[in-house]
Amino acid sequence: MNLLEKLDAAAAARKSLLPDGVGAFGIPIEEVYSATEARIGDRRVLLLGTNNYLGLTFAPECIQAAHEALDKEGTGTTGSRMANGSYFGHRALEREFADFYQCSGGIVFTTGYQANLGTISGLVGPGDTVLIDGDSHASIYDGCILSGADIVRFRHNDVADMEKRLRRLGERVETTLIIAEGIYSMLGDQAPLAEIIELKNKYRCILLLDEAHSLGVLGETGQGLVEKTGLLKAVDFITGTFSKSLCSIGGFCVSNHPQLEQLRYVSHPYIFTASPSPATIASTRAALELLRKGSHLRTQLWKNCTQLYTQLKETGYQLGPDPGPVIAAILDTPQQALLMWRSLLEHNIYVNLILPPAAPEGKSLVRCSVNAAHTSEQIKYVGDTFAKLYNLVKS
Amino acid sequence: MSQTDYDQIVQLLCDRLADLSKTPEESISPETNLITQLSIDSIKLLGLIMEIEDAFDISIPINALTDIQTVHELAELVHKIKSAS
């Protein structure tokens, strides 16, 4: 089989799941009306397939900041910070993230994906080990692969399994990086951070926590799981993304380890890419300010999450263990998930369809992302529609 | 480790692979290709690796699996790691 034939085989496998060519992946969104509504084809749909957790995509403060940056500094930086220099905004945002997490340093990356790639591949290399949760995001897997370190997985959120694997590493724990996530993107569950930190301290490893989905969502000021658990100071490195609660694109890493600065000189995903555009940085800075002061947004978000999670649970859907902004209905087969996804769209509700191998344990997911801008009526409509469609997937 | 240990590893792999691929165990040999003959995808393989790690109390880095195609190659990798532990 040649290279192109391999792609044809992959396309055939995809077509067998989606026989009528329904565009479940990368669906065309014709117009976006607000943080909660858009047009897909000729339908005005409710958006429950975005990660706009605080509902800030149209926040006037962010839009104005982006406009001003565009006018003042142009559309792009046209190069990497290493070669072309760092704008005031890049450095300011790094200071603001460091301050937000009470850390001595911060680095901004061009995407959230690159934040994990760049941080992991900068911290470990061949001969080192990364111990990662089995349900880690692809950016974590890819960062580990890029690093050349040995990759060992532990069963999802299973601390006993994690310790077993730490013990087996023997003296190699000295050069082991543990990686966990604040909220896992598939089922919306949270890492058992206190127990992980206990093991990290016992085995004297370094811990990186990815707060991509938990930033803005957990904790009084929205720092994430570190704030909710009061364990901020016990985590060595925190990464996150601008593309969820902060409603732009980019990523960051913060730490109190002075060695963080060295990543700028060894991390290819930081060095060999164009830096974030001025408008992106400006809107992110404005959004971070809103996020820090946004306890009312978090209150509304959690009210919405609890409302939908409770209704789906009561209907009989199998869900992840924790209520939160990521609420996934776990279904047995891709066909069930596709039928549910399609039926929801026919009821003007857009959610995410996740099929194996992306979904854990061979299951398929219909995943809702709830945000603070959803009204109680919108959430009720979504819950009622799921209830109406339950017979489609009832085993 | 001895030939007996290697045989024990092959036996365990064949047993688990038969279960995972819903293939009769007697039709799986050391030469069987995991992907083309048993349709073991990456997710199933990663689950299998965790089971093997627990069965032999070893660590198998998943990056060591890149070139593994057959039952024999996987058994040899496990044998090598077990011998060194």
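Residues numbered from 1 in each chain as written. Chains lettered and ligands numbered in written order. Predicted model: local features only at pLDDT ≥ 70, side-chain atom pairs only at ≥ 80, totals over all residues. Heavy atoms only, no water.

Caption draft 1: Molecular detail of the packing of aromatic side chains. Residue and element names in this part refer to chain A. Going through the model one piece at a time under the given rule, you end up with eight aromatic pairs over all chains. Centroid distance Phe 97 to Phe 242: 5.5 Å. Interplanar angle 10 degrees. Geometry classified as stacked. Here Phe 97, found in helix α4 (residues 88–100), pairs with Phe 242, found in the loop between β9 (237–241) and β10 (251–255); they are 145 residues apart in sequence, far enough to count as distant. Like Phe 242, Phe 97 is buried. Site record: aromatic cluster; members linked through ring pairs are Phe 97, Phe 100, Tyr 101, Phe 242 and Phe 252. Geometry around Tyr 33 places Arg 44 over its ring, the cationic atom sitting 4.1 Å from the centre. (Phe/Tyr/Trp six-rings, centres within 6.5 Å; stacked < 30°, edge-to-face > 60°. Helix = DSSP H or I, 4+ residues; strand = E, 2+ residues; numbered from the N terminus. Buried < 20%, exposed > 50% of the residue type's maximum accessible area, 1.4 Å probe, protein only. Lys NZ or Arg CZ within 6 Å of the ring centre and 35° of its normal.)

Caption draft 2: Fine view of the interface of chain B and chain A. At the junction of the two partners, chain B supplies 13 residues and chain A supplies 15 residues. In this assembly, chain B packs against chain A so that about 1,300 Å² is buried in total across both faces, 49% of it on carbon and sulfur atoms. Taken together, chain B and chain A are joined by seven salt bridges. Among the ionic pairs, Asp 57 of chain B bridges to Arg 168 of chain A, the shortest N-O distance being 2.8 Å. Our count for the chain B to chain A interface comes out at 13 residue pairs in polar contact (both at pLDDT 80 or more). In terms of residue class, the side of chain B that touches chain A is made up of seven nonpolar, two polar and four charged. (Contact = heavy atoms within 4.5 Å. Buried area = accessible area lost by both parts, 1.4 Å probe. Salt bridge = Lys/Arg side-chain N within 4 Å of Asp/Glu carboxyl O. Polar contact = N/O pair within 3.5 Å; in protein donor to acceptor, adjacent residues only side chain to side chain. Nonpolar A, V, L, I, M, F, W, Y, C, P; charged D, E, K, R; others polar.)

Caption draft 3: Representation of the sheet that holds strand β11 (residues 326–331) of chain A in the model. Residues and elements named next belong to chain A. With antiparallel pairing, three strands are arranged side by side in an open sheet as β11-β14-β13. Strands at the two margins of the open sheet, each flanked by one partner only, are β11 and β13 (352–354). Neighbour to neighbour, the strand axes of the sheet diverge by 25 degrees on average, direction disregarded. Relative to strand β14 (residues 364–369), β13 is paired through three bridges, and the arrangement is antiparallel. (Pairing = 2+ DSSP bridges. Axes fitted to C-alpha atoms, helices over the stretch in contact; angles between N-to-C directions.)

Caption draft 4: Structural detail: the side chain of Ser 283 of chain A. Residue and element names in this part refer to chain A. Looking at the element boundaries, Ser 283 is found in helix α12 (residues 278–292). Here the side chain of Ser 283 touches Thr 280 through a polar contact of 3.4 Å, landing on its backbone oxygen. Discounting chain neighbours no more than four positions away, the residues touching Ser 283 are Cys 62, Ala 65, Ala 66 and Ser 248.

Caption draft 5: View of the packing of helix α5 (residues 112–123) of chain A against helix α6 (residues 138–147) of chain A. Residue and element names in this part refer to chain A. The geometry of α5 relative to α6 is characterised by a closest axis approach of 8 Å and an angle of 35 degrees between their N-to-C directions. Where α5 crosses over α6, the handedness of that crossing is right-handed. Counted together, Tyr 113, Asn 116, Leu 117, Ile 120 and Ser 121 of α5 and Ser 139, Ile 140, Asp 142, Gly 143, Cys 144, Leu 146 and Ser 147 of α6 form the full contact between these two elements. Classifying every residue of the contact of α5 with α6 by side-chain character gives six nonpolar, five polar and one charged. (Left-handed = near helix turned anticlockwise from the far one by under 90°.)

Caption draft 6: Local environment of helix α7 (residues 159–169) of chain A. Along α7 of chain A, the residues classified as buried are Asp 161, Met 162, Arg 165, Leu 166, Arg 168 and Leu 169 of chain A. One side of α7 of chain A carries all its buried residues, which in axial view fall inside an arc of 160 degrees. The secondary structure elements touched by the buried residues of α7 of chain A are β5 (129–133), β6 (150–154), β7 (176–181) and α8 (193–203) of chain A together with α2 (42–56) of chain B. Two to three positions downstream of the cap, the backbone nitrogen of Ala 160 of chain A sits 3.2 Å from a side-chain oxygen, assigning the N-cap of α7 of chain A to Asp 158 of chain A. Positive phi appears at Gly 170 of chain A, one or two residues downstream of α7 of chain A, with a value of about 60 degrees. (Arc of directions from axis to C-beta.)

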